[in-house]
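Read off the chains here:
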Amino acid sequence: EAGVAQSPRYKIIEKRQSVAFWCNPISGHATLYWYQQILGQGPKLLIQFQNNGVVDDSQLPKDRFSAERLKGVDSTLKIQPAKLEDSAVYLCASSLDAGGKTQYFGPGTRLLVL
Amino acid sequence: SQELEQSPQSLIVQEGKNLTINCTSSKTLYGLYWYKQKYGEGLIFLMMLQKGGEEKSHEKITAKLDEKKQQSSLHITASQPSHAGIYLCGAPGGSQGNLIFGKGTKLSVKP
């Protein structure tokens, strides 16, 4: 069974530029998560989708971050404009559904904002 | 809000030695996940514990959840260089099942 796929693996941009990350979850997984992991910290949830609907985006900085999962499968996370403090690893995870099901993570996208 | 504290923050052990990593919650745990992360990589699922007193093992790694469900430990027996990485504990932090994580424990194993 294929795991969670993410691309790109690495991205370097200058502040005020925009960037987008892509995630394809495990087939059949209804719930998709985006986490931000700053160096030396644990992952922090940005947004959670159930199928193509948002169930939690309380920690998403909506003035610059946006995410979508239009067809309930793959998802895109965008940052516009990027700030220096957005430098982090962006992790996508998926689970069969919400409510205690094990989350499986992709390899992450490492973003460096200069 | 719930917080998870891991100890130690980092650990260096000689190959073959045993070690323990702890994860303490500020609130009762209704599920506790252990993940391993190689530097700059994603998280690899190790084990999930739910019941007080529960213990699970996989190869040389054993995880326990205490009876009061506020602390979990991860024990590695006869450590190997392949065990090196960052170990993270996570717990459901909201009604939607998303996880909150500790800051991680960085393990180095000297050959």
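Residues numbered from 1 in each chain as written. Chains lettered and ligands numbered in written order. Predicted model: local features only at pLDDT ≥ 70, side-chain atom pairs only at ≥ 80, totals over all residues. Heavy atoms only, no water.

Considering the overall build of chain A
When its secondary structure is counted, chain A shows zero helices and 11 strands. Compactness check: chain A gives a C-alpha radius of gyration of 13 Å against a globular reference of 13 Å for 114 residues, within 12% of the reference. The C-alpha extent of chain A, read off along each of the three principal axes, is 35 × 25 × 25 Å. For chain A, with 114 residues in total, the buried portion stands at 45%. Across chain A, contacts joining residues at least 24 apart in sequence account for 54% of those joining residues at least 6 apart. For chain A, the accessible area works out to roughly 5500 Å², and carbon and sulfur atoms hold 51% of it. (Helix = DSSP H or I, 4+ residues; strand = E, 2+ residues; numbered from the N terminus. Rg over C-alpha atoms; globule rule 2.2 N^0.38 Å. Buried < 20%, exposed > 50% of the residue type's maximum accessible area, 1.4 Å probe, protein only. Contact = heavy atoms within 4.5 Å. Areas by Shrake-Rupley, 256 points an atom, 1.4 Å probe, with all protein chains shown as cover.)

Remarks on the packing of aromatic side chains
Under the counting rule described, the total for this entry stands at 12 aromatic pairs over all chains. Summarising the aromatic geometry, the rings of Phe21 of chain A and Tyr90 of chain A are spaced 5.0 Å apart at their centres and angled 25° between planes, so their arrangement reads as stacked. You can see Phe21 of chain A sitting in strand β3 (residues 19-24) and its partner Tyr90 of chain A sitting in strand β9 (residues 88-95), a full 69 residues away along the chain. Neither residue differs from the other here; Phe21 of chain A and Tyr90 of chain A are each classed as buried. Within the aromatic cluster, the residues linked to one another by ring pairs are Tyr33, Tyr35, Tyr104 and Phe105 of chain A together with Tyr33, Tyr35, Phe45 and Phe101 of chain B. (Phe/Tyr/Trp six-rings, centres within 6.5 Å; stacked < 30°, edge-to-face > 60°.)

Section: the pattern of salt bridges
All chains considered together, the criterion is met by five salt bridges over all chains. The partner of Arg64 of chain A in a salt bridge is Asp86 of chain A, and the shortest N-O contact between them spans 2.5 Å. Highlighted residues: Arg64 of chain A in the loop between β6 (53-56) and β7 (65-68) and Asp86 of chain A in the loop between β8 (75-79) and β9, separated in sequence by 22 residues. Under the relative-accessibility criterion, Arg64 of chain A is labelled buried at 11%. The partner of Glu55 of chain B in a salt bridge is Lys64 of chain B, and the shortest N-O contact between them spans 3.9 Å. (Salt bridge = Lys/Arg side-chain N within 4 Å of Asp/Glu carboxyl O.)

Quick notes on the sheet that holds strand β8 (residues 71-76) of chain B
What holds strands together in a sheet is hydrogen bonding between their backbones, with the strands either parallel or antiparallel. Residue and element names in this part refer to chain B. The strand order across the open sheet formed by five strands is β1-β3-β8-β7-β6, and the pairing between neighbours is antiparallel. Every other strand in the sheet has two partners, leaving β1 (4-7) and β6 (55-58) as the edge strands with one partner each. Sheet twist, expressed as the average angle between the axes of neighbouring strands with direction ignored, equals 15°. (Pairing = 2+ DSSP bridges. Axes fitted to C-alpha atoms, helices over the stretch in contact; angles between N-to-C directions.)

Some details on the sheet that holds β8 of chain A
Residues and elements named next belong to chain A. The four strands lie next to each other as β1-β3-β8-β7, forming an open sheet whose pairing is antiparallel. Every other strand in the sheet has two partners, leaving β1 (5-7) and β7 as the edge strands with one partner each. For this sheet, the mean angle separating the axes of adjacent strands, direction not counted, is 15°. Pairing of β1 with β3 involves three bridges; the strand directions are antiparallel. Across the sheet, residue Ser7 finds its bridge partner in β3, namely Trp22.

What about the interface of chain B and chain A?
Taken residue by residue, the interface counts 18 residues in chain B and 25 residues in chain A. Summed over both partners, the interface of chain B with chain A buries about 1700 Å², with 49% contributed by carbon and sulfur atoms. In this structure, the connection of chain B to chain A is made through one salt bridge. A salt bridge links Glu41 of chain B to Arg9 of chain A, with the nearest nitrogen and oxygen atoms 3.3 Å apart. The interface formed by chain B and chain A contains five residue pairs in polar contact (both at pLDDT 80 or more). Those elements that place two or more of their residues in the side of chain B that touches chain A are β4 (32-37), β5 (43-49) and β10 (99-101) of chain B. Within the side of chain B that touches chain A, the residues separate by chemical class into nine nonpolar, seven polar and two charged. (Buried area = accessible area lost by both parts, 1.4 Å probe. Polar contact = N/O pair within 3.5 Å; in protein donor to acceptor, adjacent residues only side chain to side chain. Nonpolar A, V, L, I, M, F, W, Y, C, P; charged D, E, K, R; others polar.)

So, the pairing of strand β5 (residues 44-50) of chain A
All names here are of chain A. Most of β5 is tucked away, with five of its seven residues classed as buried. Looking at chain direction, strand β4 (residues 31-37) and β5 are connected through six bridges and run antiparallel. By the bridge assignment for β5, Tyr33 is matched with Gln48. Where β4 hands over to β5, the hairpin turn is made up of six residues, of which Gly40 adopts a positive phi near 85°. In this sheet, β6 lies alongside β5 in antiparallel orientation, the contact comprising three bridges. Directly across from Gln48, in β6, lies its bridge partner Asp56.

All we've got here are geometric facts, nothing functional implied.
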